[in-house]
Amino acid sequence: MKAVEGGICAAQGFTANGIHCGIRKNHSKKDLSLIFSAVPASAAAVYTTNLVKGAPLAVTKKHLENGVAQAVICNSGNANTCNANGREIAEAMSALAADQLGIDPADVVVASTGVIGQPMTIDPIAAGLPALAAGLSREGGEAAAEGIMTTDTVKKEAAVEFRLGGKTCRMGGIAKGSGMIHPNMATMLVFITTDAAISPAMLQKALSGDVAGTFNMVSIDGDTSTNDMVTVLANGMAGNPEITAEGPDFTAFMQALNSVTISLCRQIAGDGEGATKLLECRVTGAADLKTARTVAKSVICSSLLKAAMFGADANWGRVLCAIGYSGAAVDVNKVDVAFRSCRGTIAVCEKGAGVDFSEEEAKQILLQKEIEILVELNSGSESAAAWGCDLTYDYVRINGDYRT
């Protein structure tokens, strides 16, 4: 397996595009994206756990009941959530896209992101769709990635090449997400495409199994959104024997999927609203996987720790504190903590107690853009990782007037 260029269009048969249609006031910002497969594809999705859900999620769930899709349409600038006409607009988006593409509206995945409860009209989408569809190309992945961004400062793409059944396959994805992101998914949209052949049931199994250790381990600010969704389309154009059961090919597919999703997780976390640093908490030596994940999540979600990382303050007590209230059955007298970056590694706690260390050395380590928080529980062999970012003044500034 190797990383390749192309993002959402890296796999055979996929084209994409993104344009400004008029939902967002800033004409330099794209606000409508389209992804298209030349042939119908197996499809799978996972959705937010928030009880308040955007209308597009309900429409997409209905469309994916048969496990097949051929296109994705997504707007930014308006979440189409808590709107009286939300379902009507989401259905109209899929119908308009289907008309332009010559496919069944039921084979369209619909997504929206932006402000919740904001009045919305189909007019700008209807006006923009002819140009959006006409501009579909293998080079349109970047434009599609830009069209789904809200407060994101950079587009997020990843792609890999791998082998299945003697055939070369590709998988690529784009994502958006910068704020309102918390474990159990968030205001995060992820679209993944692959030319591998895999049944809808096995594709859903792969995706559902993957998100527990990837997207559900990302937290920016503790808020779980209303519109998050991860969707995978697999069109089979690589020509490999269709994966219909577990085995070596399914394992290889899972590895490729995990490579793409972890890359997107890290990009989302590193581009958190106002963030200056990507944080990764790596927990090792846990008695079981649940404990490892619980501890990693708790540490990465700690506002006090996130603030300390912003200030390059090696306040390891905040790590222990987060472990202590995580709810995990941990022997705190066995816990070791260290901080690591490109400037080196420094141990700050052993067996639940502080050790002598150079504050200046620690500061230099924590001033870097990517920080690892290493937690060794010394109680078993399981491990897990979680991703987040520091908490900065700019986070409050961005969210203080997000709607207005």
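Refer to the preceding data block for the structure.
Residues numbered from 1 in each chain as written. Predicted model: local features only at pLDDT ≥ 70, side-chain atom pairs only at ≥ 80, totals over all residues. Heavy atoms only, no water.

A.B. asks: Teacher, can you tell me more about unusual backbone geometry here?
C.D. replies: Positive phi, normally seen in glycine, also occurs at Asn 80, with a value near 50°. Summarising the element assignment, Asn 80 is placed in the loop between β4 (68-78) and α2 (86-101). Look at Asn 80 and you get buried, because its relative accessible area is 0%. (Helix = DSSP H or I, 4+ residues; strand = E, 2+ residues; numbered from the N terminus. Buried < 20%, exposed > 50% of the residue type's maximum accessible area, 1.4 Å probe, protein only.)

A.B. asks: Looking at this model, I keep getting lost on helix α3 (residues 123-134). Mind explaining?
C.D. replies: Of the positions making up α3, those classed as buried are Pro 124, Ile 125, Gly 128, Leu 129, Leu 132 and Ala 133. Within α3, the buried residues cover an arc of 135° as seen down the axis, which keeps them to one side. Of the exposed residues in α3, the ones pointing more than 90 degrees away from its buried face are Asp 123, Ala 127 and Ala 134. Where α3 is buried, its residues contact β2 (14-19), β3 (32-47), β4 and α2. (Arc of directions from axis to C-beta. Contact = heavy atoms within 4.5 Å.)

A.B. asks: Hey, could you run me through helix α1 (residues 55-63) in this one?
C.D. replies: Helical geometry note: an α-helix holds 3.6 residues per turn, so side chains three or four residues apart project in the same direction. Of all the residues in α1, the buried ones are Ala 55, Pro 56, Leu 57, Val 59, Thr 60 and His 63. Looking at the buried residues of α1, the elements they touch are β3, β4, α2, β5 (108-115) and β9 (229-234).

A.B. asks: I keep staring at the sheet that holds strand β10 (residues 278-286) and nothing clicks. Help me out?
C.D. replies: Sheet strands associate in pairs through backbone hydrogen bonding, adopting either a parallel or an antiparallel arrangement. Strand order in the open sheet made by the six strands is β13-β12-β11-β14-β10-β15, with mixed pairing throughout. The open sheet has two edge strands, β13 (353-354) and β15 (382-389), and neither has a second partner. Of the pairings in the sheet, the one linking β10 to β15 comprises seven bridges and is antiparallel in character. Paired with Ala 286 across the strands is Glu 382, a residue of β15. (Pairing = 2+ DSSP bridges.)

A.B. asks: Where do I start with the nonpolar core in this structure?
C.D. replies: Generally speaking, nonpolar side chains in soluble globular proteins are found buried as a group. Membership of the largest hydrophobic core comes to 74 residues, with the highest contact counts inside it found for Phe 253 and Val 375. Here this core takes ten residues from helix α6 (residues 248-270), the largest share from any one element. Apart from the residues within four sequence positions on either side, Val 375 is in contact with Cys 281, Arg 282, Val 283, Thr 284, Val 295, Val 319, Ile 323, Val 335 and Asp 336. With 25 residues, the next largest nonpolar core counts Ile 8, Ala 16, Ala 43 and Ala 45 among its residues. (Core = buried A, V, L, I, M, F, W, Y, C linked by side-chain atoms within 4.5 Å.)

A.B. asks: Help me understand the packing of aromatic side chains, please; the structure alone is not making it clear to me.
C.D. replies: Centre distance and the angle of the planes are the two values used to describe a pair of aromatic rings. Counted according to the given criterion, the structure contains two aromatic pairs. For the ring pair Phe 162 and Phe 253, a centre distance of 6.5 Å and an interplane angle of 75° mean the geometry is edge-to-face. On the criterion of sequence distance, the pair formed by Phe 162 in strand β6 (residues 156-164) and Phe 253 in helix α6 is long-range, its members being 91 residues apart. Here Phe 162 and Phe 253 have matching classes, each one buried. Their ring planes at 90° and their centres at 5.3 Å tell us that Phe 310 and Tyr 393 sit as a pair that is edge-to-face. Pair noted here: Phe 310 is in helix α8 (residues 303-310) and Tyr 393 is in helix α11 (residues 393-400), with a separation of 83 residues, a long-range link. (Phe/Tyr/Trp six-rings, centres within 6.5 Å; stacked < 30°, edge-to-face > 60°.)

A.B. asks: Help me out: how do you make sense of the pattern of salt bridges in this one?
C.D. replies: For side chains bearing opposite charge, pairing can occur when the charged atoms are close. By the definition in use, this model includes 13 salt bridges. The structure contains a network of salt bridges with shared partners spanning Arg 266, Glu 280, Arg 282 and Glu 370. (Salt bridge = Lys/Arg side-chain N within 4 Å of Asp/Glu carboxyl O.)

A.B. asks: Sorry if this is basic, but what is going on with the environment of Ala 287 here?
C.D. replies: With respect to the helices, strands and loops of the structure, Ala 287 is situated in the loop between β10 and α7 (289-301). Here the alpha-carbon distance between Ala 287 and Ser 379, two residues 92 residues apart in the chain, equals 5.2 Å. Here Ala 287 is in contact with Ser 379, Gly 380 and Glu 382, once residues within four sequence places are set aside.

A.B. asks: Quick question: what am I supposed to make of the pairing of strand β12 (residues 344-350) here?
C.D. replies: Side-chain positions along a regular strand alternate between the two faces of the sheet. Relative to β12, strand β11 (residues 336-341) runs antiparallel, the two being bridged by five bridges. For Ser 341, the partnering residue across the bridge sits in β12 and is Gly 344. Taking the residues between adjacent antiparallel strands as the criterion, β11 and β12 are bridged by two residues. In sequence, β12 turns back onto β13 through a hairpin of two residues, with Lys 351 there showing a positive phi of about 55°.

A.B. asks: Where do I start with the packing of α1 against α2 in this structure?
C.D. replies: How two helices sit against one another is set out by the angle between their axes and by the gap between those axes. Running from N to C, α1 and α2 cross one another at 50°; their axes reach a closest spacing of 8 Å. In terms of orientation, α1 and α2 fall into the oblique class. Where α1 crosses over α2, the two elements pack in a sense that is right-handed. Side by side, α1 and α2 meet where Ala 55, Pro 56, Ala 58, Val 59, Lys 62 and His 63 of the first sit next to Gly 86, Arg 87, Ala 90, Glu 91 and Ser 94 of the second. (Axes fitted to C-alpha atoms, helices over the stretch in contact; angles between N-to-C directions. Parallel < 35°, antiparallel > 145°, perpendicular 65-115°, else oblique. Left-handed = near helix turned anticlockwise from the far one by under 90°.)

A.B. asks: I'm lost on the side chain of Asn 235 in this one. Help?
C.D. replies: With respect to the helices and strands, the residue Asn 235 is situated in the loop between β9 and α6. Overall, the relative accessible area of 8% leaves Asn 235 in the buried class. Within the local environment of Asn 235, its side chain forms a polar contact with the backbone oxygen of Gln 12, the two atoms lying 2.9 Å apart. In this structure Asn 235 touches Gln 12, Gly 13, Phe 14, Ser 37, Val 39, Pro 40, Ala 41, Thr 194, Asp 195 and Ala 196, once residues within four positions along its chain are discounted. (Polar contact = N/O pair within 3.5 Å; in protein donor to acceptor, adjacent residues only side chain to side chain.)

A.B. asks: Help me understand the pairing of strand β14 (residues 370-376), please; the structure alone is not making it clear to me.
C.D. replies: Here seven bridges tie β10 to β14, and the two strands are oriented parallel to one another. By the bridge assignment, Val 283 is partnered in β14 with Val 375. In this structure, β11 lies alongside β14, joined through five bridges in antiparallel fashion. Counted as the bridge partner of Ala 338 is Leu 374 from β14.

A.B. asks: Got a minute to help me understand the state of the cysteines in this structure?
C.D. replies: Should the sulfur atoms of two cysteines be covalently bonded, the bond is a disulfide. The tally for this structure, following the rule as stated, stands at zero disulfides. We note that Cys 265 lacks a disulfide partner, and the nearest cysteine sulfur, in Cys 301, lies 13 Å from it. Residue Cys 389 stays outside any disulfide, its sulfur separated by 11 Å from that of Cys 301, the closest cysteine. Looking at Cys 389, the relative accessible area reads 1%, which means it is buried. (Disulfide = S-S within 2.5 Å.)

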